[in-house]
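# A structural walkthrough
Read off the chains here:
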4 protein chains.
Amino acid sequence: MRVGLFGFGKTGKAVATVLLQSEEADLCWVIRKTTNLQHRSVPEFLGIKDDNQGIIFSKDECTSAELFEKRPVDVIIDFSSADAVLAYGEEAAKRGICIVTAISTYPEETITYLKKLSERTKILWSPNITIGINFLMLAAKILKTIAPYTDIELIEEHFKNKKEISGTAIRISQTLCLSDTDIKSVRAGGIIGRHEIIFGFPHQTVRLIHESISREAFGNGALFAAQNLMDRKNGFYCMEELLIPYFNLK
Amino acid sequence: MRVGLFGFGKTGKAVATVLLQSEEADLCWVIRKTTNLQHRSVPEFLGIKDDNQGIIFSKDECTSAELFEKRPVDVIIDFSSADAVLAYGEEAAKRGICIVTAISTYPEETITYLKKLSERTKILWSPNITIGINFLMLAAKILKTIAPYTDIELIEEHFKNKKEISGTAIRISQTLCLSDTDIKSVRAGGIIGRHEIIFGFPHQTVRLIHESISREAFGNGALFAAQNLMDRKNGFYCMEELLIPYFNLK
Amino acid sequence: MRVGLFGFGKTGKAVATVLLQSEEADLCWVIRKTTNLQHRSVPEFLGIKDDNQGIIFSKDECTSAELFEKRPVDVIIDFSSADAVLAYGEEAAKRGICIVTAISTYPEETITYLKKLSERTKILWSPNITIGINFLMLAAKILKTIAPYTDIELIEEHFKNKKEISGTAIRISQTLCLSDTDIKSVRAGGIIGRHEIIFGFPHQTVRLIHESISREAFGNGALFAAQNLMDRKNGFYCMEELLIPYFNLK
Amino acid sequence: MRVGLFGFGKTGKAVATVLLQSEEADLCWVIRKTTNLQHRSVPEFLGIKDDNQGIIFSKDECTSAELFEKRPVDVIIDFSSADAVLAYGEEAAKRGICIVTAISTYPEETITYLKKLSERTKILWSPNITIGINFLMLAAKILKTIAPYTDIELIEEHFKNKKEISGTAIRISQTLCLSDTDIKSVRAGGIIGRHEIIFGFPHQTVRLIHESISREAFGNGALFAAQNLMDRKNGFYCMEELLIPYFNLK
């Protein structure tokens, strides 16, 4: 699977690291906003020994059409910004290149644009693309159906300076039809990220917990998404949809 | 749903309490080995206000045929001993009475007997009949399929005097194809029961935890089993099979 | 150590159970408000095999003076109600009988009365008399002094129907000079009681957790208090003061 | 407080980062084994904006005497290797420079040498120099004295490839007189480090937990050690000894 990566900030670098270390993916190039790392080798820059030939390009040095011609990929992974897809989307769709995007929020028009593009290719959009969180959300949804009488409570813990309520916690709370005001937010020191969903039964308690260790988790999630997207029909997917088949036990 | 209960030890009493407090079940009678509570009212004995008419009988005061004639039930819940079903099984199957049994272990012949009986009625056997544990087992199985590269570890905590490894932990470990020697057993003070399945991803950790509060949890599990068994075809089921339909997301 | 117990509700019974099972205490009598268990044997009523001669008396069948004469004790443990001590306090102080009281709240006048009494005997008052919680509070206080720059957060979990914020959590929060509004309260199912103090350091997290299993924990706390009070001078103590000597490491 | 740092591997760099960000310390220089970063500025290399003038030197470019003359410090923090102190110790002691060393193990002769040196200066040696772990050890020791009848269990969790039992867990287990074989080791994915001490009371459970987030925690510990060492008499200390005064409550 040949991969092109948009975005090379902190998260982008972590994602690139995972892609380079994976045997299933071949990172062909990275697109960056600025020119200051232009034409450097990705594995060399990240200090990873690999015979991978991935190169860093700056956003404006060539058109998407030229890029996809000269350096063809099967999947684009996008950790850059909300407007990036507007530039490369059309050319990607034309060539049937899958798109995996982890952008936090898109304007309404861009979502419409993505849905339109997805008639011609496979697109996945997930603001929280880790496997663990998406698994937890589905598992919690199921447990709520099994035991609708349980009390569900949600604790999210993050570092001191995270001002707003965790977006992931809000997603979980919406998925489970909880009230947003019910989320208990703990802000303490350097906690990277911890989400705990508590199911209070009358005589037992179930706790589903996700702990983030590092940003590389997004890389594993994006890779999983790309692999599972390949066999799907054209369409606009979310992470949960890719996980659902794994839940269909016989 | 009219219910008859075999067994009135510590767990049996806890199960009876849950049945009496439930609006879906009507506890018609309890069968006890000894005669010392014979003919007392169950709600009165347990101190529960209820217009329920459930009576305590001793095992040998009448035949199963007589009992099922005079005091018909839809479901038998069995928390007594491995040989009890040998006495009542035939009469129950003949009348199509569902059987929910939570006996820890049955000799091989009894299992064969139960399977034979299940051609004529619905039988569920689950040594650990709590909803939480069985949910956890299925959820863990799914996560293992999604992320086969994770390291799975299992911690079980119980009160000081529990000598042997938790049977539930052994079940979980078998379900996940772990090695039995991998179970970490903590024995400390009065911990009632806690099971934690840890999924170690490279950059995130998922923890699935079940905490027992009291034996009444078995009552809720048995009730859930009875309710979900009613609509099934004749056959021999385990708790997981009753939960599987809840996992089939669309 | 001869003990007399005031209060025989749910908690009183649990405390009596612990006292009967302890080798250090000899439960001489229990005082109850109502007359309906009058003159029954405590171990027999609680189903505990013991050659203990403890008897249940009703509050009004004799004066404190008569009781302390005929059935002398070294310590009174009080789990009854806020006005009980007004009846027995004077006679206890006169005889130098220690008083361990776990009443939740006393009116200001009663506290003054207790302090006055404590000139002639040793009195301990602790609304939460478990060893674990009081240890946690002191340990947390120390850690705050060691690392004043940490963020301290407090989670308390209890059963669904507990309406108000945990009194213990409020005590912890006051001890650590946190704001009461900072306590995160989780209400779910049948959780008996769980308190977690989180210390967020920039690069590490310390969690101090207390989990209640059953009311008997109050019995162990009261016993500990009684034993540690014996060697003290007359005075009015709280649980923390009895624990402090254990913290003075060399 | 002027600080010199020996060692600039992964941990050394993390420690340098903490020192640079602290207002109480002034990082004057770093000594490295190899010459490849020779004479670079520490803040510039680590990408930290600071008017700090700290410079990287290689081990062999000058003698300790010359270094301490030209660039005097109050404290040496040593995260390098077991033989480093043999080269700089004599000159440091002569000048009364405090030594804080976090080397994992020293040969017996080196320990003797350190003790001898400590007649002329203050030396602290702690293989695990985080505040959290050392606090936990002392708190656990106290709780064991308060409640000697509790069952103590120890769980340590680390990343998959950590082969041996955690040295910190072994220290904790020795401090609490547990058996080394009682440590439960969990090895899963990328867990950085988690230690949990469980105190099982008959009717309550206390859990003391330490979670590592990143190596920088060692820097905070070293800084704390340096600050607390300054006011002490000459002597050979361990981290616990520096923490003990904080436990002496009145």
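This text goes with the structure placed above it.
In what follows, the accompanying structure is described. (Residues numbered from 1 in each chain as written. Chains lettered and ligands numbered in written order. Predicted model: local features only at pLDDT ≥ 70, side-chain atom pairs only at ≥ 80, totals over all residues. Heavy atoms only, no water.)

### Considerations on the relation of the copies chain C and chain B
You can overlay chain C on chain B at an RMSD of 0.1 Å; the transform is a turn of 180 degrees with a shift of 0.0 Å along its axis. Such a turn and shift between the copies fits a two-fold axis. Within chain C, Ile213(C) has its C-alpha nearest the rotation axis, a separation of 4.0 Å. An overlap of 100% is found between the interface residues of chain C and their copies at the interface of chain B, pointing to a shared contact surface. (Least-squares fit on C-alpha atoms with pLDDT ≥ 70 in both. Contact = heavy atoms within 4.5 Å.)

### Section: the relation of the copies chain A and chain B
Two copies of the chain are present, and they differ by a rotation about an axis and a shift along that axis. With an RMSD of 0.1 Å, the fit of chain A onto chain B corresponds to turning through 180 degrees and sliding 0.0 Å along the axis. Taken as a fraction of all interface residues of chain A, those also at the interface in chain B reach 100%, which identifies the copy contact as same-surface.

### Re the side chain of Glu211(C)
Its place among the elements puts Glu211(C) in strand β10 (residues 204-212). With relative accessibility at 14%, the residue Glu211(C) sits in the buried group. At 3.2 Å, the side chain of Glu211(C) forms a polar contact with the side chain of Arg207(D). (Helix = DSSP H or I, 4+ residues; strand = E, 2+ residues; numbered from the N terminus. Buried < 20%, exposed > 50% of the residue type's maximum accessible area, 1.4 Å probe, protein only. Polar contact = N/O pair within 3.5 Å; in protein donor to acceptor, adjacent residues only side chain to side chain.)

### Side note on the sheet that holds strand β8 (residues 183-187) of chain D
Pairing between sheet strands relies on hydrogen bonds along the backbone, with the strands arranged either parallel or antiparallel. Read across the open sheet, the 8 strands follow the order β8(C)-β7(C)-β9(C)-β10(C)-β10(D)-β9(D)-β7(D)-β8(D); overall the sheet is mixed. The open sheet is flanked by β8 (183-187) of chain C together with β8 of chain D, the only strands paired with a single partner. Pairs of neighbouring strands in the sheet enclose a mean axial angle of 15 degrees, with direction left out of account. Two strands pair when backbone bridges link them, and strand β7 (residues 151-158) of chain C and β8(C) are joined in this way by 5 bridges, in the parallel orientation. Residue Glu156(C) lies in a different strand from β8(C), and its bridge partner there is Ser185(C). (Pairing = 2+ DSSP bridges. Axes fitted to C-alpha atoms, helices over the stretch in contact; angles between N-to-C directions.)

### As for the pairing of β8(C)
All names here are of chain C. Most of β8 is tucked away: 5 of the 5 residues are buried. Of the two faces of β8, the one lined by Ile183, Ser185 and Arg187 and the one lined by Lys184 and Val186 are each fully buried. This β-α-β element, β7 to helix α7 (residues 167-175) to β8, shows right-handed connectivity. (Right-handed = clockwise from strand over helix to strand, strands pointing away.)

### Examining the interface of chain C and chain B
On the side of chain B, 4 residues touch chain C, which itself brings 4 residues to the contact. Carbon and sulfur atoms make up 73% of the area that chain C and chain B hide from each other, which totals about 310 Å². Three residues stand out in chain C for area buried against chain B, namely Gly190(C), Ile192(C) and Ile213(C), and they jointly supply 77% of the buried area on that side. Counting every contact that joins chain C to chain B gives 0 salt bridges. Our count for the contact surface shared by chain C and chain B stands at 0 residue pairs in polar contact (both at pLDDT 80 or more). (Buried area = accessible area lost by both parts, 1.4 Å probe. Salt bridge = Lys/Arg side-chain N within 4 Å of Asp/Glu carboxyl O.)

### Thoughts on the side chain of Thr17(A)
Relative to the helices and strands, Thr17(A) is located in helix α1 (residues 10-21). Since its relative accessible area comes to 15%, Thr17(A) is described here as buried.

### Some thoughts on the interface of chain A and chain B
Contacts between chain A and chain B engage 39 residues on the former and 39 residues on the latter. Between chain A and chain B, roughly 3,600 Å² of surface is buried when both sides are summed, and carbon and sulfur atoms account for 65% of that area. Counting the surface chain A buries against chain B, the share from its top three residues, Ile146(A), His203(A) and Leu249(A), is 20%. Between chain A and chain B we count 2 salt bridges in total. Here Glu211(A) and Arg207(B) are joined by a salt bridge, their closest N and O atoms 3.2 Å apart. At the surface where chain A touches chain B, the tally comes to 16 residue pairs in polar contact (both at pLDDT 80 or more). Listed by contribution, the elements that provide at least two residues to the side of chain A that touches chain B are α6 (131-146), β10 (204-212), α8 (216-229) and α9 (239-247) of chain A. For the side of chain A that touches chain B, the class distribution of residues is 24 nonpolar, 11 polar and 4 charged. In terms of strand pairing, β10(A) meets strand β10 (residues 204-212) of chain B through 9 bridges, oriented antiparallel. Residue pairing for β10(B): Val206(A) is matched across the bridge by His210(B). (Nonpolar A, V, L, I, M, F, W, Y, C, P; charged D, E, K, R; others polar.)

### Considering the environment of Asn161(A)
Among the structural elements, Asn161(A) can be located in the loop between β7 (151-158) and α7 (167-175). Judged by relative accessible area, Asn161(A) falls into the exposed class, the value being 60%.

### Re the pattern of salt bridges
All names here are of chain C. Inspection of the entire model under this criterion finds 80 salt bridges over all chains. Where Glu196 meets Arg207, a salt bridge forms, and the shortest distance between an N and an O atom there is 2.9 Å. Remark: Arg207 occurs in strand β10 and Glu196 occurs in strand β9 (residues 194-200); sequence separation between them is 11 residues.

### With respect to unusual backbone geometry
Of note in the backbone geometry, Cys177(C) takes a positive phi value of approximately 55 degrees without being a glycine. For Cys177(C), the position within the fold is in the loop between α7 and β8. Not every positive phi belongs to a glycine, and His39(D) is a case in point at roughly 70 degrees. Within the element layout of this structure, His39(D) appears in the loop between β2 (26-32) and α2 (42-46). A residue is classified by how much of its surface remains accessible, and His39(D), at 47% relative accessible area, is partly exposed.

### Topic: the sheet that holds strand β5 (residues 98-101) of chain A
Residue and element names in this part refer to chain A. With parallel pairing, the 7 strands of this open sheet are ordered in space as β3-β2-β1-β4-β5-β6-β11. Of all strands in the sheet, those with a lone pairing partner are β3 (55-58) and β11 (235-237), marking the two edges. Neighbour-to-neighbour, the strand axes of this sheet turn through a mean angle of 20 degrees, independent of strand direction. As paired elements, strand β2 (residues 26-32) and β3 share 4 bridges and run parallel to each other. Within the sheet, the bridge partner assigned to Val30 lies in β3 and is Ile56.

### Regarding the packing of helix α1 (residues 10-21) of chain C against helix α8 (residues 216-229) of chain C
Geometrically, a packed helix pair is captured by the angle between its two axes and the distance between the axes. Residue and element names in this part refer to chain C. Contact geometry for α1 and α8: axes closest at 7 Å, N-to-C directions at 55 degrees. By the angle between their directions, the pair α1 and α8 is classed as oblique. The hand of the α1/α8 crossing is right-handed. When α1 is examined against α8, the residues Thr11, Ala14, Val15, Val18 and Leu19 are found in contact with a partner set consisting of Glu216, Phe218, Gly219, Asn220 and Leu223. Split by residue class, the contact of α1 with α8 holds 6 nonpolar, 3 polar and 1 charged. (Parallel < 35°, antiparallel > 145°, perpendicular 65-115°, else oblique. Left-handed = near helix turned anticlockwise from the far one by under 90°.)

### Some points on the packing of aromatic side chains
A complete count under the given rule lists 36 aromatic pairs over all chains for this structure. Seen in terms of ring centroids, Phe6(A) and Tyr88(A) are 4.3 Å apart; in terms of plane orientation they differ by 25 degrees. Their pairing is stacked. Residue Phe6(A) is located in strand β1 (residues 2-6), and its partner Tyr88(A) is located in helix α4 (residues 84-95); the two are separated by 82 residues in the primary sequence. When its relative accessible area of 1% is taken as the criterion, Tyr88(A) is described as buried. When the ring of Phe6(D) is compared with that of Trp29(D), the centres are 5.7 Å apart and the planes differ by 90 degrees; the resulting orientation is edge-to-face. (Phe/Tyr/Trp six-rings, centres within 6.5 Å; stacked < 30°, edge-to-face > 60°.)

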